Amino acid sequence: MLYSQLSLQNALRYFPPQCHNEIAPEFARELLDYGHIYMYRFRPALPMRAYPIEEYPAKCRQAAAIMHMIMNNLDPAVAQFPHELVTYGNNGQVLSNWAQFWLVMYYLAEMTEEQTLVMYSGHPLGLFPSSPSAPRLVITNGMVIPNFSSKEEYDRMFAMGVTMYGQMTAGSYCYIGPQGIVHGTTITVMNAGRKYLGLGDLRGKVFVSSGLGGMSGAQAKAATIVGCIGVIAEVNPSALRKRHAQGWLMEWSTDLDEIIDRIKRAKREVQPLSIGYQGNIVDLWEKLVWEYKATGELLVELGSDQTSLHDPFGGGYYPVQLSFEDSQAMIRDDPMRFKELVEESLRRQVSAINILSDVGMHFWDYGNGFLKEAGKANAAVYRGGKKNGPFSYPSYVEDILGDIFSLGFGPFR
């Protein structure tokens, strides 16, 4: 394919021609196996972490600070997929490949207070003359004109190494984990209670969502800060257990009956609590529907979703029909079948949410593309059933945080 040739050419431009015969086959294999050339052979041997700023070989303190931030974003204790330079969100990269890491570090080591480093989707364009009052670093990621801003075009351009998705704080090197978003998540849940339930006190109320990854990991802590019971599903065992070990999550279980019993006890005791369900969010929603139909008791008042649905078919969303491990295998071996299962899973998830919403639960989209992708999967998310019409559920930005922003008040950093 033409784009495969261009991908190799774009990767090889970082190296002198005499090296191409050795590394080109290796890069071609990475492209075939992973859909991108990460240049794994150039991963640094030194432990990747944020060292004291004085230890960096820089000519100005600002450059040392940028080195410090980049290495923090790639620390295995911080990053989601450190070998692929992904900090969070399933595909939020710091840089596009490991050659870029070394080049950027070289430029930063040489930078003076009269120079600015310009970055474009991980590619360092070079050091440019500036002034001490100018920015030391200018970054842009994923700049694509709207007519070519599709998932298919992005995948092609990402494979070619000419664009990358930096999320908000991965590609700008300033990721600080769930603590960076916990303020905003807390204010969102608090104001959802005020707006939808008419309550300033959420003790005894239940908030259900999904995701305990890099940013979504703040949900469990936010729930306990506002005093409610947060029940968060996470399909990745290591992500859930990391949040539990870090203190962001109080309890967890793989047993849905145990989860339901714990919700009921916490509601009776009006106990602020965060519970992690190690399993698929669809199973949790369907269990809550079953419980309502069996007992008449609605156990959830507030609901949302923070799966990484900006990347629904690349591991951002795991279908309920498959285990976590089987999903990963199918993404690689049968991506079209995986796509079908994701869409079916989204339809099931929306069906359960609709049933609970009809009897009093309040659900909102958390800006992760949930309603958009569910609509594309032909789930019943449109008001009045009109395809491509307004969604049945609001977005948290317009509906919950809009009033807060209009006052000139936070949230976030």
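Look up a bit, the structure's there.
Residues numbered from 1 in each chain as written. Predicted model: local features only at pLDDT ≥ 70, side-chain atom pairs only at ≥ 80, totals over all residues. Heavy atoms only, no water.

## Notes on the sheet that holds strand β5 (residues 137-140)
So, point 1. Here we have three strands laid out as an open sheet, ordered β4-β3-β5, and mixed in their pairing. Looking at the sheet topology across the chains shown, the edges are occupied by β4 (123-129) and β5. Strand-to-strand, the axes of this sheet are offset by a mean angle of 15°, without reference to chain direction.
So, point 2. Two strands pair when backbone bridges link them, and strand β3 (residues 115-120) and β5 are joined in this way by four bridges, in the parallel orientation. Directly across from M119, in β5, lies its bridge partner I139.
So, point 3. Here helix α4 (residues 98-110) sits on the sheet and contacts β3 and β4; the angle it forms with β4, its principal contact strand, is near 15°. (Pairing = 2+ DSSP bridges. Helix = DSSP H or I, 4+ residues; strand = E, 2+ residues; numbered from the N terminus. Axes fitted to C-alpha atoms, helices over the stretch in contact; angles between N-to-C directions. Contact = heavy atoms within 4.5 Å.)

## As for the packing of aromatic side chains
Centre distance and the angle of the planes are the two values used to describe a pair of aromatic rings.
So, point 1. Under the defined criterion, the tally for this structure stands at 18 aromatic pairs.
So, point 2. Here the aromatic rings of W98 and F101 are separated by 5.6 Å at their centres, their planes lie at 65°, and the arrangement is edge-to-face. Residue W98 and its partner F101 are both found in helix α4; the two are separated by three residues, about one turn of the helix. Of the two residues examined, W98 and F101, each falls in the buried class.
So, point 3. Among the aromatic side chains, those forming a connected cluster through ring pairs are W285, F363, F370 and Y393.
So, point 4. A cation sits over an aromatic face here: K287 above W290, 4.7 Å from the ring centre. (Phe/Tyr/Trp six-rings, centres within 6.5 Å; stacked < 30°, edge-to-face > 60°. Buried < 20%, exposed > 50% of the residue type's maximum accessible area, 1.4 Å probe, protein only. Lys NZ or Arg CZ within 6 Å of the ring centre and 35° of its normal.)

## Regarding helix α13 (residues 335-358)
So, point 1. Under the 1.5 Å per step criterion, the end-to-end length of α13 is 34 Å for 24 residues, consistent within 8% with the ideal 34 Å.
So, point 2. Just beyond α13, the residue with positive phi is G360, at close to 125°. (Expected span 1.5 Å × (residues − 1).)

## A closer look at the nonpolar core
So, point 1. Formed by 44 residues in total, the largest nonpolar core has its most connected members in V208, V231, L284, W285 and L288.
So, point 2. For this core, the elements supplying multiple residues, two or more each, are β6 (206-210), β7 (229-234), α9 (256-269), β9 (273-278), α10 (281-295), α13 and α14 (370-376).
So, point 3. For this core, the leading source of residues is α13, giving eight residues.
So, point 4. Here L288 is in contact with V208, I260, L299, V300 and L356, once residues within four sequence places are set aside.
So, point 5. In this structure, M71, W98, L117 and M164 belong to the second largest nonpolar core, which totals 29 residues. (Core = buried A, V, L, I, M, F, W, Y, C linked by side-chain atoms within 4.5 Å.)

## Structural notes on the sheet that holds β7
So, point 1. The six strands lie next to each other as β8-β9-β7-β6-β10-β11, forming an open sheet whose pairing is parallel. Both outer strands of the open sheet, β8 (251-253) and β11 (362-363), are each paired with one neighbouring strand and no more.
So, point 2. As judged from the three bridges shared by β8 and β9, these two strands associate in the parallel manner. Following the sheet pairing, S253 is matched in β9 by Y277.
So, point 3. Seen against the sheet, α10 touches β6, β7, β9, β10 (302-303) and β11 and runs at an angle of roughly 150° to β6.

## As for empty space enclosed by the protein
So, point 1. Across all of its chains, the model carries one cavity of 30 Å³ or more by this definition.
So, point 2. Looking at the largest cavity, its volume works out to about 80 Å³.
So, point 3. Around the largest cavity, the lining is made up of 14 residues, and of these N10, A11, N97, M160 and G161 lie nearest the centre.
So, point 4. By residue class, the composition of the lining of the largest cavity is six nonpolar, seven polar and one charged. (1 Å grid on protein atoms, 1.4 Å probe; cavity = no way out; pocket = protein on both sides within 12 Å on 5 of 7 lines; lining within 4 Å. Points joined across faces, edges and corners; volume = space filled by probe spheres on them. Nonpolar A, V, L, I, M, F, W, Y, C, P; charged D, E, K, R; others polar.)

## Overview of the side chain of S304
So, point 1. Inspection of the secondary structure assignment puts S304 in the loop between β10 and α11 (312-316).
So, point 2. A distance of 2.8 Å separates the side chain of S304 from the backbone oxygen of W364, its partner in a polar contact. (Polar contact = N/O pair within 3.5 Å; in protein donor to acceptor, adjacent residues only side chain to side chain.)

## Looking at the environment of S395
So, point 1. Assignment of secondary structure puts S395 in the loop between α14 and α15 (396-406).
So, point 2. Here the alpha-carbon distance between S395 and S238, two residues 157 residues apart in the chain, equals 29 Å.
So, point 3. Discounting chain neighbours no more than four positions away, the residues touching S395 are D365 and I400.

## Some words on the packing of helix α6 (residues 182-197) against α15
So, point 1. Remark: α6 packs on α15, axes separated minimally by 10 Å, with the N-to-C direction vectors making an angle of 95°. Judged by the angle between their axes, α6 and α15 are roughly perpendicular. Here I187, T188, N191, A192, K195 and Y196 of α6 come into contact with α15, specifically with Y396, D399, I400, L401 and I404. (Parallel < 35°, antiparallel > 145°, perpendicular 65-115°, else oblique.)

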